[in-house]
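Reading the structure
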Amino acid sequence: NWEPEFSMPQVFDINGTALPTQCEKEASNLNLDWRKRVVFSAELPPMTLGYTDVTEGDWFTEYVKKGIYYGIINGISETEFGAGMALTRQDAAVILMRVKETAKLAFADAAEETEFTDGAQIAEYAKDAVVRLQKAGIINGYESGEFRPEGGITRAEAAKLIYMTLKSAEKL
């Protein structure tokens, strides 16, 4: 047995819930970190974007190229990426599901499927992503029961989506 004979002290939050040790956190994040590095550190073949709103001098051009190369993002038309536009909540859901699939993350169903009161307004291309993220407990909409698919996603909402995605993937 190669494991050392010692134990880490258990730490609890204010509600009495046991918190993972730093070693446990690092071990659970190792595989996720490795996948992220594989996906986003690869050199891309030379590519030219046909978007009028993304040029080689833009600070975000390389990010757009990688996102397109890996199938995570695309433009709003054949000639426009939508660089200056706000990201809608339904588009954020689609992008997050593409990241999940590219990084080979698995989400367990954590909640029953809930019908959003404005579910009919969710674009056809985004419905599956919204349902899957809702069932995984990553999105839950607003207290009014709305998802607001065409509404812009706030920085706070984006932070929550990223956190909940990592938390959900960490459990498996």
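Up top you'll find the structure we're talking about.
Residues numbered from 1 in each chain as written. Predicted model: local features only at pLDDT ≥ 70, side-chain atom pairs only at ≥ 80, totals over all residues. Heavy atoms only, no water.

Turning our eyes to something else, we now look at unusual backbone geometry. With phi around 55°, Lys104 is a residue other than glycine that occupies positive phi space. Tracing the sequence through the fold places Lys104 in the loop between α3 (89–102) and α4 (124–135). A relative accessible area of 64% places Lys104 in the exposed class. With a phi close to 60°, Arg148 is a non-glycine residue in the positive phi region. Summarising the element assignment, Arg148 is placed in the loop between α4 and α5 (155–170). According to the relative accessible area criterion, Arg148 is partly exposed, its value standing at 35%. (Helix = DSSP H or I, 4+ residues; strand = E, 2+ residues; numbered from the N terminus. Buried < 20%, exposed > 50% of the residue type's maximum accessible area, 1.4 Å probe, protein only.)

This next bit is on the nonpolar core. Counting 21 residues, the largest nonpolar core has Phe107, Val130, Leu133, Ile138, Ile139 and Leu161 as its most contacted members. Listing elements by their share of this core, those giving two or more residues are α3, α4 and α5. In terms of nonpolar packing, the next biggest core, distinct from the first, is built from 10 residues, Val54, Val64, Tyr70 and Phe81 among them. (Core = buried A, V, L, I, M, F, W, Y, C linked by side-chain atoms within 4.5 Å.)

Viewed as axis vectors pointing N to C, α3 and α4 meet at an angle of 70°, and their least axial separation amounts to 8 Å. It follows from the interaxial angle that α3 and α4 lie roughly perpendicular. In this structure, α3 contributes Gln90, Asp91, Ala93, Val94, Leu96, Met97, Lys100 and Glu101 to the contact, and α4 contributes Tyr125, Ala126, Ala129, Val130, Arg132 and Leu133. Looking at the contact of α3 with α4, its residues break down into 9 nonpolar, 1 polar and 4 charged. (Axes fitted to C-alpha atoms, helices over the stretch in contact; angles between N-to-C directions. Parallel < 35°, antiparallel > 145°, perpendicular 65-115°, else oblique. Contact = heavy atoms within 4.5 Å. Nonpolar A, V, L, I, M, F, W, Y, C, P; charged D, E, K, R; others polar.)

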